[in-house]
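Examining the three-dimensional arrangement
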Amino acid sequence: MEITSSSAMIQFSDGKNRKIAVSHFTTLQPAAPGSFLPPPEVPVVMKAARVARVPKAAKKKL
C-alpha cells in the first residue's frame, strides 16, 4: 500500500493494515499461494445527523 525509506504499509488478508519497519524486512516470508482470503466486507453504518446546538447566550434570552 505504501513504502517509505523506514517502513512499508501492508494490507493483510484479515483486512487490517500493518506498518512493518525496514529492520524486519529480512524476516518476512511470502504466504502460501492458497492461503489468501479476501478482506471481510464491513457494512457501512450511517451515523445519525447531529442536532444543531443553541448557543448559551440565546438560551438565556428564552
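Here, the structure is the one placed above.
Owing to the predicted nature of the structure, the values given are computational and were not obtained by experimental measurement.

Strand pairing within a sheet occurs via backbone hydrogen bonds; the two strands may be parallel or antiparallel. A sheet is described by the order of its strands in space; here three strands give the open sequence β1-β2-β3, paired in antiparallel fashion. Each edge of the open sheet is held by one strand with a lone partner, namely β1 (2-3) and β3 (17-21). In this sheet, β3 lies alongside strand β2 (residues 7-11) in antiparallel orientation, the contact comprising five bridges. Within β3, the residue paired with Q11 across the bridge is N17.

Quick look at the environment of Q11 now. Inspection of the secondary structure assignment puts Q11 in strand β2. The sequence separation of Q11 and P39 amounts to 28 residues, and the corresponding C-alpha distance is 9.0 Å. Not counting chain neighbours up to four residues away, the residues in contact with Q11 comprise M1, K16, N17 and P39.

What follows is about a nonpolar patch on the surface. On the surface, V22, F25 and L28 cluster together into a nonpolar patch covering about 230 Å² of accessible area. In this structure, F25 sits in the loop between β3 and α1 (56-61).

Reading guide: rules and limits
Residues numbered from 1 in each chain as written. Predicted model: local features only at pLDDT ≥ 70, side-chain atom pairs only at ≥ 80, totals over all residues. Heavy atoms only, no water. Pairing = 2+ DSSP bridges. Helix = DSSP H or I, 4+ residues; strand = E, 2+ residues; numbered from the N terminus. Contact = heavy atoms within 4.5 Å. Patch = residues over 30% accessible without salt bridge, like charges linked within 9 Å, V, L, I, M, F, W, Y side chains within 5 Å. Areas by Shrake-Rupley, 256 points an atom, 1.4 Å probe, with all protein chains shown as cover. Salt bridge = Lys/Arg side-chain N within 4 Å of Asp/Glu carboxyl O.

Scope: geometric values only; no functional claims are made or implied.
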